[in-house]
Amino acid sequence: MTQAVQAYSYVRPSAIVGDHLGFSTSGGRTASGLAGNPRFFSGVITQAAPAAAGLLALADVALARYHQPRAGSGAFSRDPVVTADGERLRFESFSACGGVYARLDMMGGALDGEVFDRGTTNVDVNRPLREALARVGGRDPLHLGVGADELTVTTLDGAVVEKKVPLPERWLRGFAEVQVIASGFDLRGELAGMAAVRFLRGLPKRATSSVWVVPTGRDLRVVAGPTRGAVCLSGVGRLATLHPLLRFAKALRVYGPVAGDRVESSAWELELPGMRYTLVLSPEAWRGFSGEGAVLTDLAGEDVSADADVVGMLLNFEPAVEVGLLADRSGLSPERVRAALTQLGTAGRVGYDLAEAGHFHRELPYDKVSVEALNPRLRAARALVEADAVRLEGEGKAHVTTAGGVREVHVTSGSCTCAWWFDHRGSRGPCKHVLAARIAVRAREEAVR
(Lines give C-alpha, C1' and ligand atoms only; values in the text may rest on other atoms or scores of the structure.)
Protein backbone atom coordinates (compact mmCIF):
# COMPACT_ATOMS: atom_id res chain seq x y z
CA MET A 1 0.00 0.00 0.00
CA THR A 2 1.42 3.35 -1.07
CA GLN A 3 1.88 5.70 1.85
CA ALA A 4 2.26 9.44 2.04
CA VAL A 5 3.48 11.18 5.17
CA GLN A 6 1.26 13.58 7.07
CA ALA A 7 3.14 16.23 9.05
CA TYR A 8 1.47 17.88 12.03
CA SER A 9 3.00 21.04 13.48
CA TYR A 10 1.64 22.35 16.78
CA VAL A 11 2.95 25.32 18.76
CA ARG A 12 2.61 23.26 21.94
CA PRO A 13 0.84 20.09 23.11
CA SER A 14 -2.89 20.05 23.79
CA ALA A 15 -3.54 19.87 27.51
CA ILE A 16 -6.04 20.17 30.32
CA VAL A 17 -4.97 22.59 33.03
CA GLY A 18 -7.45 23.01 35.83
CA ASP A 19 -10.83 23.31 34.14
CA HIS A 20 -9.37 24.51 30.83
CA LEU A 21 -9.11 22.17 27.82
CA GLY A 22 -6.88 23.65 25.15
CA PHE A 23 -6.66 21.95 21.76
CA SER A 24 -3.57 22.83 19.76
CA THR A 25 -4.23 23.05 16.01
CA SER A 26 -2.15 22.16 13.00
CA GLY A 27 -2.29 23.77 9.55
CA GLY A 28 -5.62 23.99 7.79
CA ARG A 29 -7.96 25.94 5.54
CA THR A 30 -10.35 28.45 7.04
CA ALA A 31 -13.06 30.73 5.66
CA SER A 32 -10.47 33.51 5.71
CA GLY A 33 -7.73 31.45 3.97
CA LEU A 34 -4.91 29.07 4.84
CA ALA A 35 -3.63 29.23 8.41
CA GLY A 36 -0.67 27.60 10.10
CA ASN A 37 -2.38 27.19 13.47
CA PRO A 38 -5.97 28.44 13.16
CA ARG A 39 -8.05 29.59 16.10
CA PHE A 40 -11.71 28.61 15.94
CA PHE A 41 -13.39 28.79 19.33
CA SER A 42 -13.03 29.93 22.91
CA GLY A 43 -15.70 29.35 25.52
CA VAL A 44 -17.33 26.73 27.69
CA ILE A 45 -18.53 23.18 27.14
CA THR A 46 -21.66 23.12 29.26
CA GLN A 47 -21.58 19.30 29.52
CA ALA A 48 -18.01 18.51 30.52
CA ALA A 49 -18.22 14.81 31.38
CA PRO A 50 -19.97 13.56 28.20
CA ALA A 51 -17.78 15.83 26.06
CA ALA A 52 -14.59 14.41 27.60
CA ALA A 53 -15.88 10.85 27.25
CA GLY A 54 -16.85 11.49 23.62
CA LEU A 55 -13.45 12.95 22.77
CA LEU A 56 -11.72 10.02 24.42
CA ALA A 57 -13.91 7.57 22.47
CA LEU A 58 -13.00 9.34 19.25
CA ALA A 59 -9.29 9.07 20.10
CA ASP A 60 -9.74 5.39 20.94
CA VAL A 61 -11.09 4.72 17.45
CA ALA A 62 -8.02 6.37 15.90
CA LEU A 63 -5.82 3.97 17.89
CA ALA A 64 -7.84 0.85 17.14
CA ARG A 65 -7.13 -1.91 14.66
CA TYR A 66 -10.30 -3.98 14.86
CA HIS A 67 -9.18 -6.54 12.31
CA GLN A 68 -6.13 -8.52 13.36
CA PRO A 69 -5.06 -6.29 16.27
CA ARG A 70 -1.36 -6.21 16.87
CA ALA A 71 0.99 -4.70 19.42
CA GLY A 72 2.09 -1.19 18.64
CA SER A 73 -0.66 -0.59 16.07
CA GLY A 74 -1.38 2.79 17.66
CA ALA A 75 2.17 4.03 17.31
CA PHE A 76 1.22 6.05 14.25
CA SER A 77 -2.20 7.26 15.35
CA ARG A 78 -3.61 10.02 13.14
CA ASP A 79 -4.76 13.08 15.02
CA PRO A 80 -8.50 13.79 14.79
CA VAL A 81 -9.85 16.33 12.33
CA VAL A 82 -12.02 19.18 13.64
CA THR A 83 -14.29 21.36 11.54
CA ALA A 84 -15.85 24.55 12.87
CA ASP A 85 -18.87 25.90 10.98
CA GLY A 86 -19.92 28.67 13.35
CA GLU A 87 -22.68 26.58 14.91
CA ARG A 88 -20.88 23.44 16.03
CA LEU A 89 -17.57 21.63 16.24
CA ARG A 90 -17.27 18.33 14.35
CA PHE A 91 -14.44 16.03 15.48
CA GLU A 92 -13.69 13.08 13.15
CA SER A 93 -11.35 10.10 13.14
CA PHE A 94 -10.79 6.79 11.35
CA SER A 95 -9.63 3.52 12.81
CA ALA A 96 -6.13 2.32 11.97
CA CYS A 97 -7.64 -0.58 10.02
CA GLY A 98 -9.83 1.77 7.97
CA GLY A 99 -13.11 -0.01 8.76
CA VAL A 100 -14.62 2.32 11.38
CA TYR A 101 -15.39 6.02 11.02
CA ALA A 102 -16.20 8.06 14.14
CA ARG A 103 -17.52 11.58 14.59
CA LEU A 104 -18.40 13.67 17.65
CA ASP A 105 -20.62 16.67 16.93
CA MET A 106 -20.72 19.36 19.61
CA MET A 107 -23.77 21.47 18.84
CA GLY A 108 -24.67 24.94 19.97
CA GLY A 109 -26.48 23.60 23.03
CA ALA A 110 -23.20 22.25 24.40
CA LEU A 111 -21.08 25.30 23.54
CA ASP A 112 -21.16 28.80 24.96
CA GLY A 113 -18.44 31.09 23.72
CA GLU A 114 -16.94 33.07 20.87
CA VAL A 115 -16.36 31.82 17.33
CA PHE A 116 -13.26 33.32 15.70
CA ASP A 117 -13.27 31.56 12.33
CA ARG A 118 -14.68 28.64 10.36
CA GLY A 119 -12.59 25.90 8.80
CA THR A 120 -10.87 22.54 9.27
CA THR A 121 -7.65 21.47 10.97
CA ASN A 122 -6.10 18.58 12.89
CA VAL A 123 -5.94 18.79 16.67
CA ASP A 124 -3.21 17.32 18.85
CA VAL A 125 -4.36 14.37 20.98
CA ASN A 126 -1.46 13.07 23.03
CA ARG A 127 -1.15 10.47 25.78
CA PRO A 128 -1.22 12.95 28.73
CA LEU A 129 -4.32 14.58 27.25
CA ARG A 130 -6.04 11.20 26.94
CA GLU A 131 -5.25 10.45 30.57
CA ALA A 132 -6.60 13.85 31.61
CA LEU A 133 -9.82 13.39 29.60
CA ALA A 134 -10.40 10.09 31.42
CA ARG A 135 -10.36 11.96 34.74
CA VAL A 136 -12.93 14.61 33.79
CA GLY A 137 -16.19 14.10 35.67
CA GLY A 138 -18.97 15.84 37.49
CA ARG A 139 -21.28 18.51 36.13
CA ASP A 140 -18.96 21.48 36.21
CA PRO A 141 -18.45 23.22 32.86
CA LEU A 142 -15.16 22.78 31.05
CA HIS A 143 -13.47 25.73 29.37
CA LEU A 144 -12.62 24.84 25.77
CA GLY A 145 -10.24 26.51 23.37
CA VAL A 146 -9.58 25.34 19.83
CA GLY A 147 -6.48 27.22 18.69
CA ALA A 148 -2.98 28.15 19.73
CA ASP A 149 -3.88 31.22 21.78
CA GLU A 150 -5.93 29.09 24.15
CA LEU A 151 -2.89 27.32 25.56
CA THR A 152 -1.20 30.28 27.19
CA VAL A 153 -2.56 29.18 30.57
CA THR A 154 -0.32 26.11 30.49
CA THR A 155 3.29 25.88 31.59
CA LEU A 156 4.39 24.50 28.22
CA ASP A 157 5.41 27.77 26.53
CA GLY A 158 7.69 27.20 23.59
CA ALA A 159 7.16 23.44 23.47
CA VAL A 160 6.73 23.04 19.71
CA VAL A 161 5.32 19.63 18.77
CA GLU A 162 6.17 18.02 15.44
CA LYS A 163 4.55 14.74 14.36
CA LYS A 164 5.13 12.85 11.15
CA VAL A 165 3.01 9.76 10.60
CA PRO A 166 2.37 7.45 7.63
CA LEU A 167 -0.91 8.30 5.94
CA PRO A 168 -2.16 5.31 3.91
CA GLU A 169 -4.22 6.30 0.89
CA ARG A 170 -6.99 4.04 2.16
CA TRP A 171 -7.57 6.47 5.06
CA LEU A 172 -8.26 9.37 2.72
CA ARG A 173 -10.24 7.17 0.35
CA GLY A 174 -12.25 5.96 3.33
CA PHE A 175 -13.54 9.48 4.05
CA ALA A 176 -14.87 9.64 0.48
CA GLU A 177 -16.49 6.20 0.59
CA VAL A 178 -18.20 6.84 3.95
CA GLN A 179 -20.01 9.96 2.80
CA VAL A 180 -21.35 8.19 -0.31
CA ILE A 181 -22.38 5.03 1.55
CA ALA A 182 -23.97 6.93 4.45
CA SER A 183 -25.99 9.12 2.09
CA GLY A 184 -27.86 5.96 1.06
CA PHE A 185 -28.86 5.11 4.65
CA ASP A 186 -32.24 5.64 6.28
CA LEU A 187 -33.16 5.66 9.97
CA ARG A 188 -34.06 2.04 10.77
CA GLY A 189 -34.60 2.13 14.51
CA GLU A 190 -34.44 4.34 17.59
CA LEU A 191 -34.27 3.55 21.28
CA ALA A 192 -34.51 6.01 24.16
CA GLY A 193 -32.38 6.12 27.29
CA MET A 194 -32.36 2.88 29.25
CA ALA A 195 -33.72 0.83 26.35
CA ALA A 196 -30.61 1.79 24.37
CA VAL A 197 -28.38 0.81 27.27
CA ARG A 198 -30.08 -2.57 27.66
CA PHE A 199 -29.85 -3.30 23.95
CA LEU A 200 -26.14 -2.47 23.59
CA ARG A 201 -25.18 -4.33 26.76
CA GLY A 202 -27.20 -7.34 25.60
CA LEU A 203 -25.31 -7.78 22.33
CA PRO A 204 -23.16 -10.91 21.92
CA LYS A 205 -19.94 -10.67 23.93
CA ARG A 206 -17.77 -12.17 21.19
CA ALA A 207 -16.23 -9.14 19.48
CA THR A 208 -16.12 -10.76 16.05
CA SER A 209 -19.79 -11.81 16.09
CA SER A 210 -21.98 -10.57 13.25
CA VAL A 211 -25.72 -10.20 13.69
CA TRP A 212 -28.69 -8.46 12.15
CA VAL A 213 -30.84 -6.03 14.10
CA VAL A 214 -34.51 -5.58 13.31
CA PRO A 215 -36.96 -3.03 14.83
CA THR A 216 -39.93 -4.53 16.65
CA GLY A 217 -42.32 -1.88 17.94
CA ARG A 218 -40.31 0.39 20.21
CA ASP A 219 -37.48 -2.07 20.60
CA LEU A 220 -34.64 -3.59 18.59
CA ARG A 221 -34.23 -7.34 18.31
CA VAL A 222 -31.15 -9.33 17.32
CA VAL A 223 -31.69 -11.97 14.65
CA ALA A 224 -29.27 -14.47 13.16
CA GLY A 225 -29.60 -13.51 9.49
CA PRO A 226 -30.89 -10.91 7.06
CA THR A 227 -34.60 -10.22 7.08
CA ARG A 228 -36.93 -7.46 5.94
CA GLY A 229 -36.04 -4.12 7.56
CA ALA A 230 -32.95 -5.51 9.33
CA VAL A 231 -29.62 -3.72 9.75
CA CYS A 232 -26.35 -5.62 9.56
CA LEU A 233 -23.98 -5.35 12.54
CA SER A 234 -20.74 -6.98 11.50
CA GLY A 235 -18.19 -7.29 14.30
CA VAL A 236 -20.07 -6.19 17.41
CA GLY A 237 -16.75 -5.40 19.08
CA ARG A 238 -16.44 -2.38 16.82
CA LEU A 239 -19.16 -0.69 18.90
CA ALA A 240 -16.93 -0.84 21.99
CA THR A 241 -16.36 2.92 22.16
CA LEU A 242 -20.11 3.43 22.65
CA HIS A 243 -20.13 1.68 26.02
CA PRO A 244 -18.32 4.35 28.12
CA LEU A 245 -20.87 6.85 26.78
CA LEU A 246 -23.97 4.90 27.78
CA ARG A 247 -24.32 6.64 31.13
CA PHE A 248 -24.95 9.87 29.20
CA ALA A 249 -27.07 8.41 26.40
CA LYS A 250 -30.41 10.03 25.65
CA ALA A 251 -31.13 7.89 22.59
CA LEU A 252 -29.60 5.39 20.18
CA ARG A 253 -30.37 5.61 16.46
CA VAL A 254 -29.51 2.92 13.93
CA TYR A 255 -29.11 3.66 10.22
CA GLY A 256 -28.69 1.34 7.28
CA PRO A 257 -29.57 0.68 3.65
CA VAL A 258 -32.55 -1.30 2.41
CA ALA A 259 -31.96 -4.81 3.71
CA GLY A 260 -30.66 -7.34 1.22
CA ASP A 261 -29.30 -10.85 1.39
CA ARG A 262 -25.71 -9.84 2.11
CA VAL A 263 -23.70 -8.02 4.76
CA GLU A 264 -23.94 -4.22 4.59
CA SER A 265 -22.49 -1.14 6.26
CA SER A 266 -24.40 0.41 9.14
CA ALA A 267 -24.28 3.50 11.35
CA TRP A 268 -24.85 3.79 15.09
CA GLU A 269 -25.51 7.17 16.65
CA LEU A 270 -25.70 8.02 20.35
CA GLU A 271 -27.46 11.25 21.28
CA LEU A 272 -25.68 12.84 24.23
CA PRO A 273 -26.51 16.09 26.05
CA GLY A 274 -25.92 18.72 23.34
CA MET A 275 -23.83 16.27 21.28
CA ARG A 276 -23.99 13.30 18.93
CA TYR A 277 -21.45 10.47 18.68
CA THR A 278 -21.64 8.47 15.45
CA LEU A 279 -19.91 5.29 14.29
CA VAL A 280 -20.12 4.04 10.70
CA LEU A 281 -19.01 0.44 10.26
CA SER A 282 -17.76 -1.23 7.08
CA PRO A 283 -19.72 -4.31 5.92
CA GLU A 284 -17.27 -6.73 7.53
CA ALA A 285 -14.58 -6.29 10.17
CA TRP A 286 -11.80 -7.22 7.74
CA ARG A 287 -12.97 -4.76 5.08
CA GLY A 288 -11.80 -1.17 5.10
CA PHE A 289 -13.98 1.48 3.50
CA SER A 290 -11.31 2.34 0.94
CA GLY A 291 -12.13 -0.65 -1.26
CA GLU A 292 -15.91 -0.37 -1.27
CA GLY A 293 -16.10 1.37 -4.66
CA ALA A 294 -19.22 3.42 -3.87
CA VAL A 295 -17.68 6.54 -5.40
CA LEU A 296 -16.70 5.02 -8.75
CA THR A 297 -19.95 5.47 -10.70
CA ASP A 298 -20.08 9.19 -9.93
CA LEU A 299 -16.37 9.69 -10.60
CA ALA A 300 -16.62 8.06 -14.02
CA GLY A 301 -18.69 10.96 -15.41
CA GLU A 302 -16.94 13.12 -18.01
CA ASP A 303 -18.07 16.44 -16.51
CA VAL A 304 -17.60 15.60 -12.85
CA SER A 305 -14.16 17.19 -12.46
CA ALA A 306 -15.25 20.51 -13.94
CA ASP A 307 -18.51 20.39 -11.97
CA ALA A 308 -16.53 19.79 -8.77
CA ASP A 309 -14.48 22.92 -9.43
CA VAL A 310 -17.67 24.96 -9.74
CA VAL A 311 -19.38 23.47 -6.69
CA GLY A 312 -16.18 23.62 -4.62
CA MET A 313 -15.97 27.39 -5.07
CA LEU A 314 -19.48 27.72 -3.60
CA LEU A 315 -18.64 25.88 -0.37
CA ASN A 316 -17.83 28.13 2.58
CA PHE A 317 -18.05 25.96 5.72
CA GLU A 318 -21.79 26.47 6.06
CA PRO A 319 -23.48 24.35 8.76
CA ALA A 320 -25.16 22.31 6.00
CA VAL A 321 -24.55 21.79 2.29
CA GLU A 322 -27.89 21.97 0.47
CA VAL A 323 -27.90 20.22 -2.89
CA GLY A 324 -30.87 22.23 -4.18
CA LEU A 325 -29.27 25.54 -3.27
CA LEU A 326 -25.97 24.52 -4.88
CA ALA A 327 -27.86 23.47 -8.01
CA ASP A 328 -29.50 26.90 -8.22
CA ARG A 329 -26.24 28.75 -7.64
CA SER A 330 -24.14 26.62 -10.01
CA GLY A 331 -26.69 26.10 -12.77
CA LEU A 332 -26.11 22.33 -12.58
CA SER A 333 -28.71 19.63 -12.11
CA PRO A 334 -29.07 18.10 -8.62
CA GLU A 335 -27.65 14.82 -10.02
CA ARG A 336 -24.53 16.58 -11.28
CA VAL A 337 -24.17 18.42 -7.96
CA ARG A 338 -24.29 15.10 -6.09
CA ALA A 339 -21.65 13.64 -8.40
CA ALA A 340 -19.52 16.76 -7.87
CA LEU A 341 -19.87 16.31 -4.11
CA THR A 342 -18.58 12.75 -4.52
CA GLN A 343 -15.54 14.09 -6.37
CA LEU A 344 -15.01 16.67 -3.63
CA GLY A 345 -15.43 13.92 -1.05
CA THR A 346 -12.53 12.04 -2.64
CA ALA A 347 -10.40 15.04 -1.77
CA GLY A 348 -11.84 15.03 1.75
CA ARG A 349 -13.85 18.21 1.17
CA VAL A 350 -17.34 17.00 2.16
CA GLY A 351 -18.85 14.60 4.67
CA TYR A 352 -22.37 13.39 5.37
CA ASP A 353 -24.46 13.94 8.50
CA LEU A 354 -27.03 11.17 8.98
CA ALA A 355 -29.02 12.98 11.67
CA GLU A 356 -29.54 15.95 9.37
CA ALA A 357 -29.65 13.90 6.13
CA GLY A 358 -27.25 16.27 4.41
CA HIS A 359 -23.65 16.97 3.48
CA PHE A 360 -21.27 19.27 5.33
CA HIS A 361 -18.14 21.06 4.17
CA ARG A 362 -14.68 20.28 5.48
CA GLU A 363 -11.15 20.63 4.10
CA LEU A 364 -8.82 17.80 5.01
CA PRO A 365 -5.22 19.06 4.97
CA TYR A 366 -3.95 16.37 2.62
CA ASP A 367 -2.62 16.82 -0.90
CA LYS A 368 -4.54 14.81 -3.52
CA VAL A 369 -2.29 13.91 -6.43
CA SER A 370 -5.25 12.82 -8.53
CA VAL A 371 -8.62 11.19 -8.06
CA GLU A 372 -7.79 8.36 -10.43
CA ALA A 373 -4.54 7.58 -8.59
CA LEU A 374 -6.64 6.84 -5.51
CA ASN A 375 -9.08 4.65 -7.48
CA PRO A 376 -7.21 2.04 -9.57
CA ARG A 377 -10.41 0.49 -10.94
CA LEU A 378 -11.41 3.82 -12.48
CA ARG A 379 -7.92 4.27 -13.91
CA ALA A 380 -8.05 0.78 -15.42
CA ALA A 381 -11.50 1.45 -16.89
CA ARG A 382 -10.34 4.60 -18.66
CA ALA A 383 -7.34 2.70 -20.02
CA LEU A 384 -9.70 0.10 -21.53
CA VAL A 385 -11.73 2.83 -23.24
CA GLU A 386 -8.61 4.50 -24.57
CA ALA A 387 -7.40 1.14 -25.92
CA ASP A 388 -10.70 0.76 -27.83
CA ALA A 389 -11.39 -2.43 -25.88
CA VAL A 390 -15.12 -1.71 -25.43
CA ARG A 391 -17.65 -2.79 -28.05
CA LEU A 392 -21.20 -1.58 -27.36
CA GLU A 393 -23.98 -3.94 -28.36
CA GLY A 394 -27.73 -3.53 -28.46
CA GLU A 395 -30.09 -3.93 -25.49
CA GLY A 396 -27.69 -2.34 -23.02
CA LYS A 397 -24.92 -4.87 -23.48
CA ALA A 398 -21.22 -4.49 -24.15
CA HIS A 399 -18.21 -6.71 -24.72
CA VAL A 400 -14.93 -5.64 -23.11
CA THR A 401 -11.71 -7.27 -24.32
CA THR A 402 -8.97 -7.75 -21.73
CA ALA A 403 -5.85 -9.86 -21.40
CA GLY A 404 -7.96 -12.39 -19.50
CA GLY A 405 -10.55 -12.71 -22.26
CA VAL A 406 -13.74 -11.01 -23.44
CA ARG A 407 -16.16 -9.93 -20.68
CA GLU A 408 -19.87 -9.52 -21.30
CA VAL A 409 -21.34 -6.53 -19.49
CA HIS A 410 -24.95 -5.56 -18.82
CA VAL A 411 -24.54 -1.81 -18.56
CA THR A 412 -27.71 -0.90 -16.66
CA SER A 413 -27.69 -3.68 -14.06
CA GLY A 414 -23.90 -3.51 -13.71
CA SER A 415 -23.38 -7.27 -14.02
CA CYS A 416 -20.34 -8.77 -15.71
CA THR A 417 -18.84 -12.18 -16.47
CA CYS A 418 -15.55 -11.38 -14.71
CA ALA A 419 -14.31 -12.92 -11.46
CA TRP A 420 -14.81 -9.63 -9.56
CA TRP A 421 -18.53 -9.67 -10.30
CA PHE A 422 -18.94 -13.31 -9.29
CA ASP A 423 -17.06 -12.67 -6.03
CA HIS A 424 -18.86 -9.48 -5.01
CA ARG A 425 -22.08 -9.19 -7.08
CA GLY A 426 -21.85 -5.41 -7.06
CA SER A 427 -21.51 -5.14 -3.29
CA ARG A 428 -18.14 -3.37 -3.63
CA GLY A 429 -18.98 -1.08 -6.52
CA PRO A 430 -18.74 -1.76 -10.25
CA CYS A 431 -15.85 -3.69 -11.78
CA LYS A 432 -13.50 -2.03 -14.27
CA HIS A 433 -15.35 -3.61 -17.21
CA VAL A 434 -18.72 -2.14 -16.17
CA LEU A 435 -17.09 1.23 -15.57
CA ALA A 436 -15.44 1.12 -18.99
CA ALA A 437 -18.75 0.26 -20.67
CA ARG A 438 -20.56 3.10 -18.90
CA ILE A 439 -17.83 5.59 -19.85
CA ALA A 440 -18.15 4.44 -23.48
CA VAL A 441 -21.95 4.82 -23.39
CA ARG A 442 -21.64 8.37 -22.09
CA ALA A 443 -19.08 9.19 -24.77
CA ARG A 444 -21.42 7.89 -27.48
CA GLU A 445 -24.35 9.88 -26.10
CA GLU A 446 -22.24 13.03 -26.03
CA ALA A 447 -21.17 12.48 -29.63
CA VAL A 448 -24.82 12.21 -30.74
CA ARG A 449 -25.83 15.49 -29.10
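Residues numbered from 1 in each chain as written. Predicted model: local features only at pLDDT ≥ 70, side-chain atom pairs only at ≥ 80, totals over all residues. Heavy atoms only, no water.

Here we look at helix α1 (residues 48–63)
Then, number 1: End to end, α1 covers 23 Å across 16 residues, agreeing with the expected 22 Å (1.5 Å per residue, within 8%).
Then, number 2: With 14 of 16 residues buried, α1 is to be regarded as a mostly interior element. (Helix = DSSP H or I, 4+ residues; strand = E, 2+ residues; numbered from the N terminus. Expected span 1.5 Å × (residues − 1). Buried < 20%, exposed > 50% of the residue type's maximum accessible area, 1.4 Å probe, protein only.)

Some words on the confidence of the model for the chain
Then, number 1: Confidence in the prediction of the chain, expressed as mean pLDDT, is 82, and 84% of residues score 70 or more.
Then, number 2: Under a pLDDT of 50 for its full length, residues 151–159 has, in the predicted model, 22 contacts with residues more than four places off or in other chains. (pLDDT = per-residue confidence, 0-100. Contact = heavy atoms within 4.5 Å.)

Some points on the nonpolar core
Then, number 1: Core analysis: the largest hydrophobic core is formed by 60 residues, its most contacted members being Leu89, Phe91, Met106, Leu144, Trp268 and Tyr277.
Then, number 2: The greatest single-element share of this core, amounting to 10 residues, is contributed by α1.
Then, number 3: The residues touching phenylalanine 91, leaving out its near neighbours within four places in the chain, are Phe23, Leu55, Leu58, Val81, Val82, Ala102, Arg103, Leu104, Met106 and Val123.
Then, number 4: Of all hydrophobic cores here, the second largest spans 20 residues; its members include Leu384, Val434, Ala437 and Val441. (Core = buried A, V, L, I, M, F, W, Y, C linked by side-chain atoms within 4.5 Å.)

With respect to the pattern of salt bridges
Then, number 1: This structure, assessed with the given rule, holds 18 salt bridges.
Then, number 2: Ionic pairing is found between arginine 103 and aspartate 353, a salt bridge with its closest N-O pair at 3.6 Å. In this pair, arginine 103 sits in strand β9 (residues 100–106) while aspartate 353 sits in strand β21 (residues 350–353), placing the two residues 250 residues apart along the sequence.
Then, number 3: Given a relative accessible area of 2%, arginine 103 falls into the buried group.
Then, number 4: Exposure remark for aspartate 353: the relative accessible area of 1% places this residue in the buried category.
Then, number 5: A salt bridge links glutamate 363 to arginine 349, with the nearest nitrogen and oxygen atoms 2.8 Å apart. Here glutamate 363 is found in the loop between β22 (358–361) and α9 (376–386), whereas its partner arginine 349 is found in the loop between α8 (334–346) and β21, with 14 residues between them in sequence.
Then, number 6: The buried category is assigned to glutamate 363, whose relative accessible area is 10%.
Then, number 7: Through salt bridges with shared partners, one network takes in Asp85, Glu87, Arg88, Arg90, Arg103, Asp105, Arg276, Asp353 and Glu356. (Salt bridge = Lys/Arg side-chain N within 4 Å of Asp/Glu carboxyl O.)

Topic: the sheet that holds strand β18 (residues 251–256)
Strands pair in a sheet through their backbones, by hydrogen bonds, and they do so in one of two ways: parallel or antiparallel.
Then, number 1: Taken in spatial order, the 10 strands make up an open sheet running β5-β4-β11-β7-β8-β9-β20-β19-β18-β14, and their pairing is antiparallel. Looking along the sheet, the strands with just one partner apiece sit at the ends: β5 (33–35) and β14 (186–192). Averaged over all pairs of adjacent strands, the angle between strand axes in this sheet comes to 20°, irrespective of strand direction.
Then, number 2: Both strand β4 (residues 28–30) and β5 contribute to a ladder of 3 bridges, which runs antiparallel. From the neighbouring strand, threonine 30 faces β5, where its bridge partner is glycine 33.
Then, number 3: Docked against the sheet, α1 engages β8 (89–94), β9, β19 (266–272) and β20 (275–281), running at close to 160° with respect to β9.
Then, number 4: Running at roughly 105° to β14, helix α4 (residues 193–201) makes contact with β14, β18 and β19 of the sheet. (Pairing = 2+ DSSP bridges. Axes fitted to C-alpha atoms, helices over the stretch in contact; angles between N-to-C directions.)

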